[in-house]
Amino acid sequence: MRITRILQPILLIGALIFSSSCLKDEYTDTTPKGVFRALWKTMDEHYCFFELKSLDWDSIYQVYDSRVDNRMDSETLFYLMADMLSQLRDGHVNLSAAHDISRYWFAGINQPANYSGEVVARYYLGVDYRSAAGMAYKILDDNVGYIRYSSFENGIGAGNLSQVLSHFSLCQGIIIDVRSNGGGSLVNADILASRFTEQPVHYGYMMYKTGKGHHDFSTPTALTLHPYSGLRWKKPVVVLTNRGCYSATNSFVNIMRQLPLVTIMGDKTGGGGGMPFSSELPNGWSIRFSASPMTDANLHSIEQGLEPDIRVTTDSLSLLKGIDTIIESARRHLHLTPGSL
Amino acid sequence: MNHILCFLLLLCCISPTYSQDRNPDSSQLQINGATHIFTLGMGDYQQKDDYLSPLVYQGYQLHLQYEGWALSHNRSNRLAHQWRATIMAGNSISTSGYSQEPHLYIDGLYGLYTTLHPIRHLTILVGGQAYLWGGALYNSRNTNNPASASGSLELRAAAAAIYKISTKRLPVTLSYQIATPIAGATFALPYGASYYEAFMLESHIPYVAFTSFHNSWMVDHQLSVDLSFQRCTLRLGYIGRYRESDINQIQTAQYYSGFHIGFVVHLAQLTRKNRLNTHANLLY
């Protein structure tokens, strides 16, 4: 009897132990139908641009769900879902599997590139350029500074940037070439832009989703650029853009166009005004999507790109001669622009 | 062995100590002795965090725990004091097998209990705990939401039962503890907010939420067997910690079931009369 009185609570505790140790997984349907519906639901609850792009996501579900068959192989399913995602017309939406990553090349694929890496490397940077913090930079022969920054994924150190600007201290102005820069870190965009302003500048807003509904957004948070406390550039700047300027580059252009001595030159940017998040599907495929929309200072979305101040394009004949007409236009503009603040 | 003993004594020095009794007959609190318990364990770990992924991740967790107990009494009652710190780290893999989520958590608590003795050799403790917990989870595949931080301060209802089986050869102590939060505050980002917006911008995103049974529950329990050998007391036990929350439409869950092994150290304090307390007077 005494032993029973001891054993009974132990057995009850054991039941508590083993009955409470299993976490229910509600996301286990790995059939093509299950994966498709998980993808649709993830986008339905998290994607932030349905209203901006006038998309009827429910109708899209009806169209594509009827095409999904549980007998289809994974590659067929992948490309069917990629086709569905392309309806969003968003370069920040990617479905990743072991064999491929879906992507939307936006309208830029049918537009002039307005950039030739080979021409820039051979005829402008040459072999005597300097390199720091992901930037290739050089003083051109007309005393104009040229910076080629190809990715905002490259971290920018304060010391590096100060050295670059110091190197250009006697220059008429600076060209910052961010053409075909696909983006990276917003923090790097802020770091670079902060060298070109003398006072705080309000340049836009950012929101986040507060719920699963298509219209559930937070109050916009004001985005402000603060001047760097150390060395800053006070002379004219030209930022070169094309359709390949996306995501953080698009945000950088949005910041820079607010600054008084900065001119945006080239082609319209590619857009990408939604900070992307990631999630996962039951079969292990990864999905990336725009989650936090950003706007300019007038609450206009920057998702679909920004027009330049001066539209200039390259032409194939000039490129064959080693002449980048956008860079040349920027150089002329800097020589004609009044000096520093 | 001497090095190990010195290390343990150094660790014991960081535990709370109380003033010596100046007058054994006064109403001031007296400490009969402190028990320090060091355990190392591992076990099965399951987790889910909708901020990173809707899938359940399964894996393992290791934990290192220090726990201390002491009794104090005045004329009216006997109180048991508990303090505990745990470091937990592990890794888990998604049900699809394609991604991993390592994690690291630490917690600490202070508990105060009233003691009851319904039958001989059985001590029942009933009381509460102040509990602090924090850490982070990381998913290497994600982009702007690669990590999910956790942190909470809770008031918990707690109870314990300690049963001593005294034999000539091998005294055994069975104990069971259980605690559950009643109310607290936790770090909780809104549904779709990013850490960039919350902490890098001049935003006013609310990231503290009140927790109670309506949006969060947790059970923290341990079952232990202490075997008192001639020179040391060995502890074997099971530890279970289960937590779920649904805050700001983000569901999280952590389920840990593990076993641990360690040892129990009794550090009896000398009273003014230079009398050592016997093992029977200690809680463990």
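Keep in mind the model is a prediction, meaning the values are calculated, not measured.

### Points about the overall build of chain A
Across its full length, chain A carries 10 helices and 12 strands. A globule of 341 residues ought to have a C-alpha radius of gyration of about 20 Å, yet chain A, at 26 Å, is considerably larger. Here the C-alpha coordinates of chain A stretch approximately 100 × 55 × 40 Å along the principal axes. Looking at chain A as a whole, 53% of its 341 residues qualify as buried. Within chain A, contacts between residues separated by at least 24 positions form 73% of all contacts whose residues are at least 6 apart in sequence. Across chain A, the 30 positively charged side chains and the 33 negatively charged ones have centroids separated by 5 Å.

### Structural notes on the packing of aromatic side chains
This model, assessed by the stated rule, comprises 25 aromatic pairs over all chains. Judged by centre distance (5.3 Å) and plane angle (50 degrees), the ring pair of F152 of chain A and F252 of chain A falls under tilted. Placement of F152 of chain A in the loop between β4 (145-149) and α6 (158-167) and of F252 of chain A in helix α8 (residues 248-256) is noted, with a sequence separation of 100 residues between them. Accessibility assignment for this pair places F152 of chain A and F252 of chain A in one class, buried. Here the aromatic cluster, defined as three or more aromatic residues joined through ring pairs, consists of F36, W40, Y47, F49, F50, W57 and Y61 of chain A. For the cation-ring pair, R156 of chain B lies above Y131 of chain B, with the distance from its terminal atom to the ring centre recorded as 3.9 Å. Here the guanidinium or amino end of R243 of chain B rests over the ring plane of W133 of chain B, the centre of that ring lying 4.0 Å away.

### A word on the nonpolar core
All names here are of chain A. Core analysis: the largest hydrophobic core is formed by 99 residues, its most contacted members being M43, I176, V239, F252 and M256. If we skip the residues at most four places from it in the chain, M256 touches I176, A193, F196, V237, V239, V262 and I264. Y124, A136, L240 and I327 belong to the second-largest nonpolar core, a separate cluster that totals 18 residues.

### Points about the layout of surface pockets
Residue and element names in this part refer to chain A. Estimates place the volume of the largest pocket at around 640 Å³. Lining the largest pocket are 31 residues, and of these H92, G182, G184, S247 and R288 sit closest to its centre. Counting residues per element, the lining of the largest pocket draws most heavily on strand β10 (residues 274-280), at three residues. Class assignment of the residues belonging to the lining of the largest pocket gives a composition of 12 nonpolar, 16 polar and three charged.

### Topic: the interface of chain A and chain B
In many reports, interface size means the accessible area that the parts give up when they come together. With 45 residues of chain A at the interface, the matching set in chain B holds 48 residues. Together chain A and chain B conceal approximately 3,800 Å² of surface at their shared face, both sides included; 60% is due to carbon and sulfur atoms. Of all residues in chain A, L23, Y208 and E280 of chain A bury the most surface against chain B, accounting for 19% of the area lost on that side. Taken together, chain A and chain B are joined by one salt bridge. The partner of R141 of chain B in a salt bridge is E280 of chain A, and the shortest N-O contact between them spans 3.7 Å. At the boundary of chain A and chain B, one finds 13 residue pairs in polar contact (both at pLDDT 80 or more). Contributing elements (two or more residues each) for the side of chain A that touches chain B: α1 (2-19), α2 (32-46), α7 (186-193), β7 (221-225), β10 and β11 (286-296) of chain A. Here the side of chain A that touches chain B gets seven residues from one element, more than from any other, and that element is α1 of chain A.

### Quick word on the pairing of strand β4 (residues 100-116) of chain B
All names here are of chain B. In terms of strand pairing, strand β3 (residues 78-94) meets β4 through 15 bridges, oriented antiparallel. Opposite M88, over in β4, you have Y105 as the bridge partner. Between β3 and β4, which pair antiparallel one after the other, the connecting turn spans five residues, and G97 there sits at a positive phi close to 85 degrees. Note: β4 against strand β5 (residues 122-138), 14 bridges, orientation antiparallel. Note that in β5 the partner of Y113 across the bridge is G127.

### Some remarks on the confidence of the model for chain A
This prediction gives chain A a mean pLDDT of 91; 91% of its residues lie at or above 70. Of the regions scoring below 50 in pLDDT, residues 1-6 of chain A engages in four contacts with residues more than four places distant in sequence or in other chains.

### Concerning unusual backbone geometry
For N248 of chain B, which is not a glycine, the phi torsion comes out positive at approximately 55 degrees. Among the structural elements, N248 of chain B can be located in the loop between β10 (233-247) and β11 (250-267).

### Regarding empty space enclosed by the protein
Residue and element names in this part refer to chain B. Overall, the coordinates contain six cavities of 30 Å³ or more when judged by the stated rule. For the largest cavity, the calculated volume is near 320 Å³. For the largest cavity, the lining is made up of 22 residues, of which S150, F187, A188, S245 and T252 are closest to its centre. Secondary-structure elements contributing two or more residues to the lining of the largest cavity are β6 (147-165), β7 (172-187), β10 and β11. Here the lining of the largest cavity takes five residues from β6, the largest share from any one element. For the lining of the largest cavity, the class distribution of residues is nine nonpolar, 10 polar and three charged. Lining the second largest cavity we find 14 residues, and of these M88, W133, M218, R241 and Q254 sit closest to its centre. Among the elements of the structure, β4, β5, β10 and β11 are those that each provide at least two residues to the lining of the second largest cavity. For the lining of the second largest cavity, the residue count by class is nine nonpolar, two polar and three charged.

### Notes on the environment of M42 of chain B
Residues and elements named next belong to chain B. Looking at the element boundaries, M42 is found in strand β1 (residues 30-49). By relative accessible area, M42 is classed as partly exposed at 46%. Placed 168 residues apart in sequence, M42 and F210 show a C-alpha to C-alpha distance of 31 Å. The contact partners of M42, leaving out residues within four places of it in the chain, are Q61, L62, H63, Y256, G258 and F259.

Calculation criteria
- Residues numbered from 1 in each chain as written.
- Chains lettered and ligands numbered in written order.
- Predicted model: local features only at pLDDT ≥ 70, side-chain atom pairs only at ≥ 80, totals over all residues.
- Heavy atoms only, no water.
- Helix = DSSP H or I, 4+ residues; strand = E, 2+ residues; numbered from the N terminus.
- Rg over C-alpha atoms; globule rule 2.2 N^0.38 Å.
- Buried < 20%, exposed > 50% of the residue type's maximum accessible area, 1.4 Å probe, protein only.
- Contact = heavy atoms within 4.5 Å.
- Lys, Arg positive; Asp, Glu negative; His and termini not counted.
- Charge placed at Lys NZ, Arg CZ, Asp CG, Glu CD.
- Phe/Tyr/Trp six-rings, centres within 6.5 Å; stacked < 30°, edge-to-face > 60°.
- Lys NZ or Arg CZ within 6 Å of the ring centre and 35° of its normal.
- Core = buried A, V, L, I, M, F, W, Y, C linked by side-chain atoms within 4.5 Å.
- 1 Å grid on protein atoms, 1.4 Å probe; cavity = no way out; pocket = protein on both sides within 12 Å on 5 of 7 lines; lining within 4 Å.
- Points joined across faces, edges and corners; volume = space filled by probe spheres on them.
- Nonpolar A, V, L, I, M, F, W, Y, C, P; charged D, E, K, R; others polar.
- Buried area = accessible area lost by both parts, 1.4 Å probe.
- Salt bridge = Lys/Arg side-chain N within 4 Å of Asp/Glu carboxyl O.
- Polar contact = N/O pair within 3.5 Å; in protein donor to acceptor, adjacent residues only side chain to side chain.
- Pairing = 2+ DSSP bridges.
- pLDDT = per-residue confidence, 0-100.

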